[in-house]
Protein chains: 4
Amino acid sequence: MGASLVLAYDVLRPEEKLICKAAERLGVKVQLINVTETPLPCDCRCDAAVIRPVSMFRALHAAAALWSEGVVVVNDWYTIMTSGDKVLAYAILRREGVPVPRSLYALSSRSLLKAASSMGFPLVDKPAYGSWGRLVSLIESYEVAKIVAEHREWTKSPLLQHHVVQEFIECGGTDIRCIIAFGELLGCMRRKAAAGEWRSNLALGGSAEPYKPDAELAELAIRASKPFRGFFVSVDFLHDRRRGYLVNEVNGVPEFKGFIKATGVDVAEALVRKIIEYAKK
Amino acid sequence: MGASLVLAYDVLRPEEKLICKAAERLGVKVQLINVTETPLPCDCRCDAAVIRPVSMFRALHAAAALWSEGVVVVNDWYTIMTSGDKVLAYAILRREGVPVPRSLYALSSRSLLKAASSMGFPLVDKPAYGSWGRLVSLIESYEVAKIVAEHREWTKSPLLQHHVVQEFIECGGTDIRCIIAFGELLGCMRRKAAAGEWRSNLALGGSAEPYKPDAELAELAIRASKPFRGFFVSVDFLHDRRRGYLVNEVNGVPEFKGFIKATGVDVAEALVRKIIEYAKK
Amino acid sequence: MGASLVLAYDVLRPEEKLICKAAERLGVKVQLINVTETPLPCDCRCDAAVIRPVSMFRALHAAAALWSEGVVVVNDWYTIMTSGDKVLAYAILRREGVPVPRSLYALSSRSLLKAASSMGFPLVDKPAYGSWGRLVSLIESYEVAKIVAEHREWTKSPLLQHHVVQEFIECGGTDIRCIIAFGELLGCMRRKAAAGEWRSNLALGGSAEPYKPDAELAELAIRASKPFRGFFVSVDFLHDRRRGYLVNEVNGVPEFKGFIKATGVDVAEALVRKIIEYAKK
Amino acid sequence: MGASLVLAYDVLRPEEKLICKAAERLGVKVQLINVTETPLPCDCRCDAAVIRPVSMFRALHAAAALWSEGVVVVNDWYTIMTSGDKVLAYAILRREGVPVPRSLYALSSRSLLKAASSMGFPLVDKPAYGSWGRLVSLIESYEVAKIVAEHREWTKSPLLQHHVVQEFIECGGTDIRCIIAFGELLGCMRRKAAAGEWRSNLALGGSAEPYKPDAELAELAIRASKPFRGFFVSVDFLHDRRRGYLVNEVNGVPEFKGFIKATGVDVAEALVRKIIEYAKK
């Protein structure tokens, strides 16, 4: 394709290697930038930059630094920030009228205990920041809420001391992940939690299988992704018996190794192809 | 005025008390919400909400939570986020062509040392997050850069481990703070660092005096504030002998007690008046 | 008494004020040293130093610094260290054959989960360091153990990531605190947890009443305190139906405001009197 | 030798592998215990336990847990604690009359600035805890002292917020490490700091060469190690032109890979041999 990409990373996961291989197959040159080694912005001449650091704040700042130089970035800082911060993400979804689990935001331990009392048990507590189900807790009683409240204070980080407190959606430890690239739904998979775990994250041992979306889900996935203005995002859904699909999370730097394995969709190639098409326009 | 405001806070500083008093004088009802006590969003019926938590992430999340309910918020989460994160702020200013000090972003200690070597000394190092000059360091040699690099790692917080590395603008420990409300420049003050301190922050003992802006500064202050989409922001300038005014910082939840004292401008009253005018439109 | 004391402190609690008043009544001069203000060792001429910082490490280091100068310190760093670190404290008690709850030490989250599995539920988990019941958790299931294990990792502090995992001694939320000064048992109180709380700490709302020790308890309190080599310590007991008194904690900088209220024993005066007697020998 | 050892570790460094090989050569059976995997105390039947975790608190707690069961531990918790905490170490050396650099202990940032002002520049600032020269800073001016003071506060750890403030001993970036096992000096090496670094730690790129101790050093090394009651420790010396040898640090879990390379002394074999001899007595 005679094109060139920058790939900004901190750790080279299978996803980043797949992107490099897809680019090679497509004749796209890739320049790797380790954002923990290289001051930014660096003088990078390219058609676009793919932002892939594992750390959310490294991704955010790499995206901002490259964007400030006029580079097309996938995704840009707005997408990474608004999806990476769960309070912002739910606020945006709610404002847009996209269905989400009933949620309260508690900005302190005291506030968490009040939110828990008013919402009842079981409930789910998530820190405002974090991936792979990190510190996401299923709280079944006020006693456990107190344990979580007290422990979270000792993380001494505002990123972990702000709580999203949510109703627990009973769906047997499953959720559905949709991946969307440049407005197109690439596919869906259903994840199922490992035995003895209620969180479906693959990083916590969950398993995945392909999932054929109905029209409602396909439409909702696109609609949910729009206000985050991302080129390449995943949207995770819980399925509530009464209310149907609820958005549980949006991810602006999605992992997709397990998704490829479950669905057979070559996400890396689709991504590179679409980025170059977009950048060349 | 028959109107009502919510004031979201965590600590009641003089600024918040001044806003309450101004509202009372203007016949505006104020409902105080301590965001460390009350789960959000709360059922608050009001014409607008003033977001005043001292903690940047509390301000961010309070703004997002209230905005998600359809409330007019001053400022909204976009302003608080983009001004509160210095990498985002400089990226936005740079992209808009607003003059700023020459800056590199270093997302690790190793990267800081490379940035310092390439930029030369003295230089200024700031963490991506922080107010009141916190951890802002004037680094005069590579040896001191190593001390800062090593220490910053042990904060174990991504918010403090990302560095803005900047040329040192020699201006005798002074800067100029402009406050802008709803697109109007309310006034300017010149701050001067305390003896034995190079940072001009009033929290670090700096003193303030009124400053009459020339047309260039007045125009630049408005232009710098625009891309942050804030209703009520401060913009701080350094004055470089050759290049003139350079934006050093934008603040989305500005303190203004010292500003009132120095300039005589009743910021609190202007703010309340303008919010109500805006909300009633 | 013509004597003089140094009182090393960080926060002046009621206890420190009571010590000052008792000293005044007894004609003992007191020099206050705020260890967060004054580099140590400082040139303090005195008969002895009372070590009272709230922070365990401030107490430890203040004691060590003054002791290094030849000052008699109450208590010395050995007592503060061995009682302040719960792993050391239980190791010492076990080695001495003093009865304690059945305990395992887990130095990581994985190890905590193994210890919990082998011990069964309910169990009590405590960080190696901490006062006032901080982060002490009653864990009723493996699911809650996982929540605690994961959260404790994010404190990122070795002091909180090492766990003492103990059988839960069912004694109705009560424990018995004994205070010992220079080998003499000054008295005992029974503490009872507040409603909705299982920990009996007064800081968590517990109430206190005097408790008349039987000969077994009186002997055991003295015996438990000995290996910590402290002049002034408290020993807390749980009462197990089958095994009788078990030592739950030893404190090398004990608070005693609540103890005085419950028992009427003038701890401060006894302490000052005994220190001076000891120092004058 | 028909004997058996437990080796408690967290990371298997070259040192631990050398101990295993030496034991094999000597016919000593070794049971490896990963203290981050195994709850302690574990039922370990052995003649003695070698405590080798890299983390100081893991070493401390592993030593205490095994000791509580009656196991002979090398080194025991007392040695690990008193050498691992630099305030305790200097206090003990001072009390024993062993020459050390002039030192003050500052338990806060404010106190550090006072200590720096009174001591003058250049000076060395070390946190109370840490190995491999971590956060050890050569401070050449009050401005740099302020940078260190402010940064150290944001580590939010009492282990790093307490400062040892010392005169800078000018000795060309060199120090002398002595290793002592069961009261016998095994040898000495001289370490020299890498180019552009003043700290001589091998972990920071320093180089090493054998050093033949004179009688004064040999005697002082033994004398300095005694009050720490360790079986196997290193003692590091600075050489001051006027005062001669000053103890700079004692280490209760010494690394010795570089020492073997520099001196040819088979530390691992000597250690295993002496432990078994001691345990069999």
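As a starting point, this report considers the structure included with it. These figures come from a predicted structure and were not determined experimentally.

A closer look at the pattern of salt bridges
Opposite charge on two side chains allows them to pair when their charged atoms are near. Residue and element names in this part refer to chain A. For the structure on display, the rule yields 92 salt bridges over all chains. We note a salt bridge from Glu269 to Arg25, for which the minimum N-O separation is 2.8 Å. With Glu269 in helix α10 (residues 267-280) and Arg25 in helix α1 (residues 14-25), this residue pair connects regions lying 244 residues apart in the sequence. Judged by its relative accessible area of 19%, Glu269 is buried. Salt bridges linked by common partners bring Arg13, Glu16, Arg52 and Glu255 together as one network.

Quick look at the relation of the copies chain A and chain B
For the match of chain A to chain B, the screw axis carries a shift of 0.0 Å, the RMSD comes to 0.0 Å, and the turn is 180 degrees. What we have between these two chains is a two-fold relation. Proximity to the rotation axis, assessed at the C-alpha, singles out Ser157 of chain A in chain A; its C-alpha lies 3.7 Å from the axis. Here 98% of the contact residues of chain A are again contact residues in chain B; the copies associate through an equivalent surface.

A closer look at the interface of chain C and chain D
Counting from both sides, the interface comprises 44 residues of chain C and, opposite them, 44 residues of chain D. Between chain C and chain D the total buried area reaches about 3900 Å² when both faces are included, carbon and sulfur atoms providing 64% of it. In terms of surface lost to chain D, no three residues of chain C exceed His61, Arg95 and Leu107 of chain C, which account for 16% of the buried area on that side. Counting every contact that joins chain C to chain D gives six salt bridges. Ionic pairing is found between Arg94 of chain D and Glu69 of chain C, a salt bridge with its closest N-O pair at 2.8 Å.

Some remarks on helix α6 (residues 142-153) of chain D
Along an α-helix, residues three or four apart share an orientation, since each turn contains 3.6 residues. In a regular helix each residue adds 1.5 Å, so 12 residues correspond to 16 Å; α6 of chain D covers 17 Å between its end C-alpha atoms and thus fits that length. Along α6 of chain D, the positions that sit buried rather than exposed are Val144, Ala145, Ile147, Val148, Ala149, Glu150, His151 and Arg152 of chain D.

A look at the interface of chain A and chain B
On the side of chain B, 44 residues touch chain A, which itself brings 45 residues to the contact. Buried surface at the junction of chain A and chain B, summed over both partners, amounts to about 3900 Å²; 64% is from carbon and sulfur atoms. Together, His61, Arg95 and Leu107 of chain A form the three largest contributors to the area buried by chain A at its contact with chain B, with a combined 16%. There are six salt bridges connecting chain A and chain B. For Glu37 of chain B, the salt bridge goes to Lys114 of chain A, with nearest N and O atoms at 3.5 Å. On inspection of chain A and its partner chain B, the count reaches 16 residue pairs in polar contact (both at pLDDT 80 or more). Breaking the side of chain A that touches chain B down by element, the ones donating at least two residues are α2 (56-68), α3 (77-84), α4 (86-95), β5 (103-106), α5 (109-119) and α7 (158-161) of chain A. Of the residues assigned to the side of chain A that touches chain B, the class counts are 26 nonpolar, 10 polar and nine charged.

Observations concerning the packing of aromatic side chains
Applying the stated rule across the entire model yields 46 aromatic pairs over all chains. Seen from their ring centres, Trp77 of chain B and Tyr78 of chain B are 6.1 Å apart, and the 65 degrees between their planes marks the pair as edge-to-face. Each member of the pair, Trp77 of chain B together with Tyr78 of chain B, is buried. Where Phe168 of chain C meets Trp198 of chain C, the ring centres are 6.0 Å apart and the plane angle is 80 degrees; that geometry is what we call edge-to-face. Of this pair, Phe168 of chain C sits in the loop between β8 (163-167) and β9 (174-181) while Trp198 of chain C sits in the loop between β10 (184-192) and β11 (207-210); the two residues are 30 residues apart in sequence, bridging distant segments of the chain. Classification of Trp198 of chain C as partly exposed rests on a relative accessible area of 27%. Among the aromatic residues, those joined into a cluster by ring pairs are Trp67, Trp77 and Tyr78 of chain A together with Trp67, Trp77 and Tyr78 of chain B. Positioned over the ring face of Trp154 of chain A is Arg134 of chain C, at 4.2 Å from the centre of the ring.

Description of the relation of the copies chain C and chain D
Rotating chain C by 180 degrees and translating it 0.0 Å along the rotation axis places it on chain D, where the RMSD comes to 0.0 Å. When the interface residues of chain C are mapped onto chain D, 100% of them again fall at the interface, so both copies present the same face.

As for the sheet that holds strand β4 (residues 73-74) of chain A
Residues and elements named next belong to chain A. If you trace the four strands from one edge of the open sheet to the other, you get β2-β1-β3-β4, paired in parallel fashion. What marks the edges here is a single partner per strand, and that holds for β2 (28-34) and β4. Pairing between strand β1 (residues 3-9) and β2: seven bridges, direction parallel. Note on β2: the bridge partner recorded for Val6 is Gln31. Sheet strands touched by α10: β1, β2, β3 (48-51) and β4. Its angle to β1, the strand with the most contacts, is close to 120 degrees.

Structural notes on the nonpolar core
By size, the foremost hydrophobic cluster in this structure holds 113 residues, and its most contacted members are Trp77 and Phe237 of chain A together with Trp77 and Phe237 of chain B. At 10 residues, α2 of chain A tops the list of elements feeding residues into this core.

The rules we used
- Starting afresh in each chain, residues are numbered from 1 along the sequence in its written order.
- Chain letters and ligand numbers both follow the written order, the letters beginning at A and the numbers at 1.
- Restriction of local features to residues with pLDDT of at least 70 applies here, the model being predicted, together with a cutoff of 80 or more for giving and counting side-chain atom pairs; totals for whole chains, interfaces and linings are based on all residues.
- Hydrogens and water are ignored here; the side-chain numbers use all heavy atoms of the structure.
- Salt bridge, as used here: a side-chain nitrogen of Lys or Arg that lies within 4 Å of a carboxyl oxygen of Asp or Glu.
- The secondary structure listing takes helices from DSSP runs of H or I that are at least 4 residues long and strands from runs of E that are at least 2 residues long, numbered from the N terminus.
- Only protein chains enter the accessibility calculation, which uses a 1.4 Å probe. A residue is then buried if its area is under 20% of the maximum for its type, exposed if over 50%, and partly exposed in between.
- Superposing copies: least-squares fit, C-alpha atoms only, residues required to have pLDDT of at least 70 in both.
- By the convention used here, residues are in contact when the closest approach between their heavy atoms is within 4.5 Å.
- The buried area of a pairing is the accessible area, by a 1.4 Å probe, that goes missing from both parts when the two are put together, added over both.
- A helix is expected to reach a length of 1.5 Å times the quantity of its residues less one.
- In the analysis that follows, any N or O atom pair within 3.5 Å is treated as a polar contact, provided that within protein one partner can donate a hydrogen and the other can accept it, and provided that, for residues neighboring in sequence, both atoms belong to side chains.
- Amino acids outside the nonpolar list (Ala, Val, Leu, Ile, Met, Phe, Trp, Tyr, Cys, Pro) and the charged list (Asp, Glu, Lys, Arg) are all regarded as polar, and Gly is one of them.
- Think of it this way: a Phe, Tyr or Trp ring, Trp meaning its six-membered ring, pairs with another when their centres are within 6.5 Å, and the plane angle makes it stacked under 30 degrees, edge-to-face over 60, tilted otherwise.
- Only when the NZ atom of a Lys or the CZ atom of an Arg is both within 6 Å of the ring centre and within 35 degrees of the ring normal do we say a charge sits over the ring.
- DSSP bridges decide pairing: two strands pair if at least two such bridges lie between them.
- Orientation is described by axes fitted as lines to C-alpha atoms, over the contacting stretch for helices, and by angles from 0 to 180 degrees between their N-to-C directions.
- Among the buried residues, those of types Ala, Val, Leu, Ile, Met, Phe, Trp, Tyr and Cys that are joined through side-chain atoms within 4.5 Å form a nonpolar core.

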